[in-house]
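Next come the chains, spelled out residue by residue.
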Amino acid sequence: MSDTSLDIPQSNSVARLRIVDQGCRFSMPARSFIKPVQQGQEQLEVPDIAFLIEHAQSEKKIMFDLGVRKDYWNLPGVVLNRLGRRQAVLGIRVDKDVTEVLEENSVQLSEISAVVWSHYHWDHTGNMALFPPSTRLIVGPGFKASPGLLPGYPENPTSPVSADAFANREVQEIDFSSSQLTIGGFRALDFFSDGSFYLLDTPGHCLGHMCGLVRTSPSPKSTFVLLGGDACHSSSCLRPSPGYPLPRHIPDGVLDQDQHFPSMCPAEVFTQHHPQDPEHTHSPDDLCKTPFHRISTLVSSAYTDPATAQKTIDQLRQLDESPSVLTTIAHDPVLVRVLPTMITAPEQDLNDWKEQGYKEKCHWDWLNCLPRRGMPGREQVVREFWRNNQPWPSACAELCAAAGEVTGTGL
Ligand SMILES: [Zn+2]
């Protein structure tokens, strides 16, 4: 027996899930993430969220991702080089380390038994050195054997990960071949061995990329939250779809207050400029079922294997369509606008997301970022680099100088 049509085994075990929003916001060049890019959406401004997962039976707490370290100017040289040349981001501010948010909410770092990195990029790995040696680090398949990563920076001058993340702690690499389980077509691993939290093998963005799937309510009416990591960077790569088409009128409350949106806004405001229909050959019905964007395939794509990343997204869509699954990709702006976080509502978790109607409230928010009627999408606010809560005008020069003579992609 399984829950939903997604081959998820039944279980009465759940995990408590909370969003850790460190107040990190950055803007990035859209062309590296989505295609095609339309005039008026040249940048994506995004948050960067992490998750606290609490497993009551074992009394274990783990983190899924750690966001960006607050002192991002201390990242490895190869990352600083990209930041300084504004290749990775166009502006960034980070209010707090994830660890500060945890401690402010009476979660001691010594209570965190493990940190899972969805992948090894700088905006997900935080500052692992702040955790005590008792906190295990869990990485995706292939990480340890990759010659470019370990032992880490500065011992390996071109590594994008810091060596101090690994010092004096157990680093465990997930081996999906040890598990017979598949969920939604992905190889899966039952993390606590009771069906409360699974890791999914979701390749394409970079080596070893993994998603998480948390059971937020028990069988037989289980609900789940998909922790999407960077499987994609905009929900417009997932939506709309045949299983969850765009309604003829955009539901109340989805669109920002904007004079360019009529009340009872018809879907045509968006579908008439559907980026996958440049010749206007598709029917309105088709366009309401076709994702607006695909994964960037440019040389500058943030995806090391765009074809595989597209395949992963095409397969994740089945989870995204399910009424039992709430999708959270790490950089989806709607998450910090709608969902409770440990900053805005410290004691509220996501486990009642279905009762709260969060899926409906979140699903179409990305429409606000699209250009419409000749106007750009939602206004962006992080246009520069920030340091210690103030603008940092000399950031690019200083980051490049700190990077030294490094080459390589770092991402
Ligand atoms: Zn990311």
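Above this text you will find the structure in question.
A brief report on the enclosed structure follows. Throughout this description, residue numbers start from 1 for each chain and increase along the sequence as written. Restriction of local features to residues with pLDDT of at least 70 applies here, the model being predicted, together with a cutoff of 80 or more for giving and counting side-chain atom pairs; totals for whole chains, interfaces and linings are based on all residues. Values reported for side chains reflect all heavy atoms of the structure, with hydrogen atoms and water molecules removed beforehand.

1. Considerations on the sheet that holds strand S17 (residues 325–329)
Strand pairing is defined by DSSP finding a minimum of two bridges between the two strands. Numbering goes from the N terminus for both helices and strands, where a helix is a DSSP run of H or I of at least four residues and a strand is a run of E of at least two. The 6 strands lie next to each other as S11-S12-S13-S14-S15-S17, forming an open sheet whose pairing is mixed. Unpaired on one side and paired on the other, strand S11 (182–183) and S17 mark the two borders of the sheet. The pairing of strand S14 (residues 210–217) with strand S15 (residues 223–229) spans 5 bridges and is classified as antiparallel. The residue bridging Arg215 from the neighbouring strand is Phe224, located in S15. Contacts from helix H5 (residues 306–321) reach strand S12 (186–190), strand S13 (197–201), S14, S15 and S17, with the element oriented near 60° to S12. Contact between two residues is taken to exist if any of their heavy atoms lie within 4.5 Å; hydrogens are not considered. Only the stretch in contact is used when fitting a helix axis, every axis being a line fitted to C-alpha atoms; angles between N-to-C directions are given from 0 to 180 degrees.

2. Focus: the sheet that holds strand S3 (residues 16–29)
With mixed pairing, 7 strands are arranged side by side in an open sheet as S7-S3-S5-S6-S8-S9-S10. Strands at the two margins of the open sheet, each flanked by one partner only, are strand S7 (91–93) and strand S10 (171–173). Each strand axis lies, on average, 25° off the axis of its neighbour in the sheet, ignoring direction. Bridge count between strand S9 (residues 136–139) and S10: 3 bridges; the pairing is parallel.

3. Quick notes on empty space enclosed by the protein
A cavity, in this analysis, means grid points on a 1 Å lattice covering only the protein atoms where a 1.4 Å probe fits yet has no way out; a pocket is instead an open set bounded by protein on both sides within 12 Å along at least five of seven lines, and a residue lines either one if it has an atom within 4 Å of a point. Grid points are joined across faces, edges and corners, and a volume is the space filled by probe spheres set on the points. Across all of its chains, the model carries 4 cavities of 30 Å³ or more by this definition. Computed from the structure, the largest cavity encloses a volume of approximately 100 Å³. Together, 15 residues line the largest cavity, and Thr125, Gly126, Val161, Ser162 and Ala165 are the ones closest to its centre. When residues are grouped by polarity, Ala, Val, Leu, Ile, Met, Phe, Trp, Tyr, Cys and Pro land in nonpolar, Asp, Glu, Lys and Arg in charged, and all others, Gly among them, in polar. Residue composition of the lining of the largest cavity, by class: 9 nonpolar, 4 polar and 2 charged.

4. A short note on the packing of helix H1 (residues 77–84) against helix H9 (residues 395–403)
Interaxial distance between H1 and H9 falls to 8 Å at its minimum, and their mutual angle equals 155°. What the angle tells us is that H1 and H9 run roughly antiparallel. Handedness of the crossing formed by H1 with H9: left-handed. Packed against H1, whose contacting residues are Gly77, Leu80, Asn81, Leu83 and Gly84, the element H9 presents Cys396, Leu399, Cys400, Ala402 and Ala403 at the interface. Here the contact of H1 with H9 is built from residues that sort into 7 nonpolar, 3 polar and no charged. Comment on the angle field: the value is read as roughly parallel under 35 degrees, roughly antiparallel over 145, roughly perpendicular from 65 to 115, and oblique elsewhere. For any pair of crossing helices, the crossing counts as left-handed if the nearer helix is rotated counterclockwise from the farther one by less than a right angle, and right-handed if it is rotated clockwise.

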